[in-house]
Amino acid sequence: MRLDERYVPYLQMARLYHLARMNDKWFRLDEPLVSAFVERWRPETHTFHMPFEECTITLQDVAYQLGLPVNRHYVSGFLTDFHVYIQGAQPAWQWFQELLGVLPPANQIQKFVVNCTWFQETFGECPEGADEETLFADKSGNRIHIRWLPFVARLEDMGGYSWGSAALAWLYRCICRVANRHVVKLAGPLQLLQSWIFWRFPGFRPAGYDAFSWLLASRWSGYNPSVSEKGPRVQMTRLRIDMLQARDVSMLTSYV
């Protein structure tokens, strides 16, 4: 989605502009590659068990790949009675309407979770002639629990949170769900995982992506994996992982 220039000052205020710019420099997910690596994940240790040793994605990886802060205030969402902690304990949906100017219809709500399609349809484009109040109210994103409203309400404070830690924790949780519950569909910040694979395991990198800058994940801008049958590609990737040796891995403590 094209980034409207009128949003830029607010993204800069939230210190997320560098990440928003990656909308134009993103890459497609290589599902067979990611699936084969996820099979190596062990929830009890939060590591990939490879033929030569264990390895995992760290906070350093998140900071280098996505440029998200990792050493600031922790991000937490209240799972029970969260509305009590929202601005004067007013009803959560009342605050939702005050912030966004509109309430989603009942068929777009599952308890306290709003479908991402509603956000995209309602706030996908900034209207012509929008004033500062309208711009500030526009929010968009994936399917989201409204317990995150306190973080969105004050954009000037968003840069003070450890979003890198939250992204890594969410990735760990999503991978663990697949490993523990036999969930078929992967979720979470999987581009982070894929970029980590490309950087740490050079043999899996696509050809022709030698130049890079900050953010490191932008190196794979425009990457479009093969559309051939996924089953055979997963099997081939499994075999390649089985044959990996320590010398086939980039240094796990540095991006030099």
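Rules behind the numbers
- Residues numbered from 1 in each chain as written.
- Predicted model: local features only at pLDDT ≥ 70, side-chain atom pairs only at ≥ 80, totals over all residues.
- Heavy atoms only, no water.
- Helix = DSSP H or I, 4+ residues; strand = E, 2+ residues; numbered from the N terminus.
- Expected span 1.5 Å × (residues − 1).
- Buried < 20%, exposed > 50% of the residue type's maximum accessible area, 1.4 Å probe, protein only.
- Arc of directions from axis to C-beta.
- Contact = heavy atoms within 4.5 Å.
- Core = buried A, V, L, I, M, F, W, Y, C linked by side-chain atoms within 4.5 Å.
- Domains from an automatic or database assignment.
- Axes fitted to C-alpha atoms, helices over the stretch in contact; angles between N-to-C directions.
- Parallel < 35°, antiparallel > 145°, perpendicular 65-115°, else oblique.
- Nonpolar A, V, L, I, M, F, W, Y, C, P; charged D, E, K, R; others polar.
- Salt bridge = Lys/Arg side-chain N within 4 Å of Asp/Glu carboxyl O.

- As named in an unreviewed UniProt entry, the protein chain is Aminotransferase-like plant mobile domain-containing protein, taken from Arachis hypogaea.

1. Comments concerning helix 12 (residues 230–242)
Here comes step 1: For helix 12, built from 13 residues, the straight-helix expectation of 18 Å at 1.5 Å per residue is met to within 8% by its first-to-last C-alpha distance of 18 Å.
Here comes step 2: When we look at burial in helix 12, the residues that qualify are Val234, Thr237 and Ile241. Viewed along the axis of helix 12, the buried residues span an arc of 65°, placing them on a single side of the element.
Here comes step 3: Those residues of helix 12 that are buried are in contact with helix 3 (31–38).

2. Some points on the nonpolar core
Here comes step 1: Counting 48 residues, the largest nonpolar core has Phe37, Phe48, Leu193 and Phe201 as its most contacted members.
Here comes step 2: The set of elements that each furnish at least two residues to this core consists of helix 3, helix 4 (59–66), helix 9 (155–158), helix 10 (163–181) and helix 11 (190–200).
Here comes step 3: Top element by residues in this core is helix 10. It accounts for 8 residues.
Here comes step 4: Taken domain by domain, this core gets at least three of its residues from each of domain 1 (5–72 + 162–248) and domain 2 (81–159).
Here comes step 5: Sequence-distant contacts of phenylalanine 201, defined by excluding residues within four places in its chain, comprise Phe37, Met50, Phe52, Cys55, Trp196, Leu244, Asp248 and Val249.
Here comes step 6: In terms of nonpolar packing, the next biggest core, distinct from the first, is built from 10 residues, Trp95, Leu100, Phe119 and Leu149 among them.

3. Comments concerning the packing of helix 3 against helix 11
Here comes step 1: Between helix 3 and helix 11, the shortest axis-to-axis distance is 10 Å and the interhelical angle comes to 85°. Accordingly, the angle class assigned to the pair helix 3 and helix 11 is roughly perpendicular. Contacts between helix 3 and helix 11 involve Leu33, Val34, Phe37 and Val38 from the former and Leu193, Gln194, Ile197 and Phe198 from the latter.
Here comes step 2: Considering only residue class, the contact of helix 3 with helix 11 consists of 7 nonpolar, 1 polar and no charged.

4. Some details on the pattern of salt bridges
Here comes step 1: Scanning all chains against the criterion turns up 5 salt bridges.
Here comes step 2: Of the charged contacts in the structure, one is a salt bridge between arginine 233 and aspartate 30, with a shortest N-O distance of 3.0 Å. With arginine 233 in helix 12 and aspartate 30 in the loop between helix 2 (17–20) and helix 3, this residue pair connects regions lying 203 residues apart in the sequence.
Here comes step 3: According to the relative accessible area criterion, aspartate 30 is buried, its value standing at 3%.
Here comes step 4: Measuring nitrogen to oxygen at the nearest pair gives 2.6 Å for the salt bridge that ties arginine 238 to glutamate 39. Linking arginine 238 in helix 12 with glutamate 39 in the loop between helix 3 and strand 1 (41–42), this pair joins segments that are 199 residues apart in sequence.

5. Notes on the packing of helix 4 against helix 11
A pair of packed helices can be characterised by two numbers: the angle between their axes and the separation between those axes.
Here comes step 1: At a minimum axis separation of 10 Å, helix 4 and helix 11 run at an interaxial angle of 95°. It follows that helix 4 is roughly perpendicular to helix 11 by the angle criterion. Across the interface between the two elements, Gln60, Asp61, Val62, Gln65 and Leu66 of helix 4 pack against Leu192, Ser195, Trp196, Trp199 and Arg200 of helix 11.
Here comes step 2: Among the residues making up the contact of helix 4 with helix 11, the classes are represented as 5 nonpolar, 3 polar and 2 charged.

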